Amino acid sequence: MENLFDIRPCGLEDIAAVRGLEGEGLAALERPDQLRRNSEEMWRACLQAPHLCLGAWVRGDGVGQDAALVAVAVLFVPAEGDGEALAPLLQTVEAKGHQAANFKICMVHPQWRGHGLQVTLGKELHEEAQRRGIRLLCATASPHNTASVRSLQKLGYTADHTLTKYGFERTLFYRFN
């Protein structure tokens, strides 16, 4: 896979590519409740520190086709009292005493699914979280989005409980890093 994709951080200069990928991903969903469209404000936040957005770019052909963004995943580090924080919602484990972050907004272009990109990006973000001293990671997924649920399980996440988040039914997952 290394020969096919470049994994690198995305910044504000990549916002158009990121939002385009999000639009294509949403358009391809059989169930729209599996993912929500994020506001430009949320994307701008995710593309800047302390958060980290990693992108998988398929390499260009060198003859006019530029590299294309085909997957993104975000390590979201909520500030104290941030409504996006997921750790305070956990019911089966104690979040207090652990620096926590969210594995957030993981999307893969429909034509590039099946290459393990969600897991690859997740592993990279987990390593970054560990370097930052983040020991508790949380994520949500639609219980109907079996691909995302399986990817989270492959990444070592455990289901905590089902809740309504972002206006949809979601399963809250966690893992200790």
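Residues numbered from 1 in each chain as written. Predicted model: local features only at pLDDT ≥ 70, side-chain atom pairs only at ≥ 80, totals over all residues. Heavy atoms only, no water.

(A) Structural context of the nonpolar core. Within the largest apolar cluster, 28 residues are counted, with the highest numbers of intra-cluster contacts made by Leu 75, Phe 103, Leu 117, Leu 125, Leu 137, Leu 152 and Tyr 157. Elements supplying a minimum of two residues to this core: strand E2 (52–58), strand E3 (68–76), strand E4 (100–108), helix H3 (117–131), strand E5 (136–141) and helix H4 (146–154). With residues up to four places along the chain from it excluded, the contact list for Leu 152 reads Phe 103, Ala 139, Ala 141, Tyr 157 and Phe 173. (Core = buried A, V, L, I, M, F, W, Y, C linked by side-chain atoms within 4.5 Å. Buried < 20%, exposed > 50% of the residue type's maximum accessible area, 1.4 Å probe, protein only. Helix = DSSP H or I, 4+ residues; strand = E, 2+ residues; numbered from the N terminus. Contact = heavy atoms within 4.5 Å.)

(B) Local environment of helix H1 (residues 15–27). Helix length check: H1 (13 residues) gives 18 Å between terminal C-alpha atoms against 18 Å at 1.5 Å per residue, within 8%. Where H1 is concerned, the buried positions are Ile 15, Val 18, Leu 21, Glu 22, Gly 23, Gly 25 and Leu 26. On the buried face of H1, the contacting elements are strand E1 (5–10), helix H2 (40–46), E3 and E4. (Expected span 1.5 Å × (residues − 1).)

(C) Molecular detail of the pattern of salt bridges. For the structure on display, the rule yields 7 salt bridges. For Arg 8, the salt bridge is made with Asp 14, and the minimal N-O distance between the two is 3.5 Å. Residue Arg 8 is classed as partly exposed on the basis of its relative accessible area, which comes to 32%. One salt bridge connects Arg 19 with Glu 40, and the closest N-O pair in it is separated by 3.1 Å. Of this pair, Arg 19 sits in helix H1 while Glu 40 sits in helix H2, and the two are 21 residues apart along the sequence. (Salt bridge = Lys/Arg side-chain N within 4 Å of Asp/Glu carboxyl O.)

(D) Representation of the pairing of strand E7 (residues 168–176) within the structure. Of the pairings in the sheet, the one linking E5 to E7 comprises 6 bridges and is antiparallel in character. Paired with Cys 138 across the two strands is Tyr 174, which belongs to E7. Counting the residues in the hairpin turn of strand E6 (residues 158–165) and E7 gives 2 residues, including Tyr 166, whose phi is positive at 60°. (Pairing = 2+ DSSP bridges.)

(E) Region of the structure containing the layout of surface pockets. Of the volumes computed, that of the largest pocket is approximately 870 Å³. Lining of the largest pocket is provided by 38 residues; of these, Cys 106, Gln 118, Asn 145, Ala 147 and Ser 148 occupy positions nearest its centre. Elements with a minimum of two residues in the lining of the largest pocket: E4, H3, E5, H4 and E7. Considered class by class, the residues forming the lining of the largest pocket number 17 nonpolar, 14 polar and 7 charged. Its boundaries defined by the atoms lining it, the second largest pocket holds a volume of some 310 Å³. In terms of lining residues, the second largest pocket is bounded by 15 residues, among which Glu 80, Ala 85, Ala 87, Pro 88 and Ala 100 are the most central. Here the lining of the second largest pocket is built from residues that sort into 8 nonpolar, 4 polar and 3 charged. (1 Å grid on protein atoms, 1.4 Å probe; cavity = no way out; pocket = protein on both sides within 12 Å on 5 of 7 lines; lining within 4 Å. Points joined across faces, edges and corners; volume = space filled by probe spheres on them. Nonpolar A, V, L, I, M, F, W, Y, C, P; charged D, E, K, R; others polar.)

(F) Quick peek at the pairing of E3. Summarising burial for E3: 8 of the 9 residues are buried, a large majority. Taken together, the 5 bridges between E3 and E4 define a ladder with antiparallel strand orientation. The residue of E4 that forms the bridge with Ala 71 is Val 108.

(G) Quick look at the packing of aromatic side chains. Overall, the coordinates contain 3 aromatic pairs when judged by the stated rule. Ring plane angle 80° and centroid distance 5.5 Å describe the contact between Phe 5 and Trp 112, whose orientation is recorded as edge-to-face. Taken together, the residues Phe 5 in strand E1 and Trp 112 in the loop between E4 and H3 connect sequence positions 107 residues apart. Accessibility expressed as a relative area gives 6% for Phe 5, which makes it buried. When the centroid spacing of 6.1 Å and the interplanar angle of 25° are considered together, the rings of Phe 103 and Tyr 157 count as stacked. With a gap of 54 residues between them, Phe 103 in strand E4 and Tyr 157 in the loop between H4 and E6 connect regions that are remote in the sequence. Of the two residues, Phe 103 and Tyr 157, both sit in the buried class. (Phe/Tyr/Trp six-rings, centres within 6.5 Å; stacked < 30°, edge-to-face > 60°.)

These values are about where atoms sit, not about what they do.
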